[in-house]
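# Architecture and fold: a report
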Amino acid sequence: VSLHTMARENAWLNSNIGINNTNRTIDFIGGIKGKLGSKVSFGGGFGFANLKELYFYQNDPTDRAKFITVFDEGNTKRTNLFGELGFSHAQSARMLLRADLFGYATDQVAEAWHRPTYRVSFNSSYNLYSKILFNVDIITQGGAKALDVDNNTVVTLDPAVDLNIKASYFLSKKVSVFVKGSNLLSSDYQLYLNYPVRGVQVMGGVTWVF
């Protein structure tokens, strides 16, 4: 576990936070994968991990605008039940639907703060004449709990639904232009307590590979 990893997850970390390495004493994943014909694939399985010193985020009692890390110094047992369904057609169209259910049994921390208990994602891409590439991503997750440090109460964050679309036009093998829309449903949700995400965002640019 590094400060860089945490800062990428949570941009509102306070300074001088505690950092401990997480020890995976057990990490097991089992499942099946298969195909239905040449275009449809499926998979599913179950995962179990025993994690010592797993970290969570909590609002700083001295500065509500910042977050601190709290570590479960005991053993956190995490389970993951997952399934996915995919479709692909040549090199032009690909789609993947995946669902995850997470369970956390903490030892010395009251809840698995800011960690969702379910996530459903849909990712797709369509390549038109090898010149225009469309990407559509939909992600929904929920069940995460947070500690309201003002009232010392547990808050369940509202489910998050995010729709992102990107279109790229390839001028050549090395140069392309793109336009990307994020949170196009303008969903008002919080991944971290007291920090709602931005509304609709649109960005355009040029990509040059060299």
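Scroll up a little and you will see the structure.
Since the structure is predicted, the reported quantities are computational estimates derived from the model, not experimental observations.

## Some words on unusual backbone geometry
Note: most residues except glycine have negative phi, and most peptide bonds are trans. With phi around 55°, Asn-16 is a residue other than glycine that occupies positive phi space. Relative to the assigned elements, Asn-16 resides in the loop between helix H1 (3-9) and strand S1 (23-36). Despite not being glycine, Tyr-129 shows a phi value in the positive range, around 55°. Counting through the fold element by element, Tyr-129 comes out in the loop between strand S5 (118-128) and strand S6 (132-142). Overall, Tyr-129 belongs to the exposed group, its relative accessible area being 74%.

## Examining the pattern of salt bridges
This model, assessed by the stated rule, comprises 4 salt bridges. A salt bridge links Arg-24 to Asp-27; the nearest nitrogen and oxygen atoms lie 2.8 Å apart. The exposure class of Asp-27 is partly exposed, given its relative accessible area of 43%. The closest approach of N and O atoms between Glu-84 and Arg-98, which form a salt bridge, is 3.1 Å. Taken as a pair, Glu-84 in strand S3 (residues 63-89) and Arg-98 in strand S4 (residues 93-105) lie far apart in primary sequence, 14 residues in all. Accessibility expressed as a relative area gives 24% for Glu-84, which makes it partly exposed. Residues joined in a network through salt bridges with shared partners are Glu-84, Arg-98 and Asp-100.

Analysis parameters
- Residues numbered from 1 in each chain as written.
- Predicted model: local features only at pLDDT ≥ 70, side-chain atom pairs only at ≥ 80, totals over all residues.
- Heavy atoms only, no water.
- Helix = DSSP H or I, 4+ residues; strand = E, 2+ residues; numbered from the N terminus.
- Buried < 20%, exposed > 50% of the residue type's maximum accessible area, 1.4 Å probe, protein only.
- Salt bridge = Lys/Arg side-chain N within 4 Å of Asp/Glu carboxyl O.

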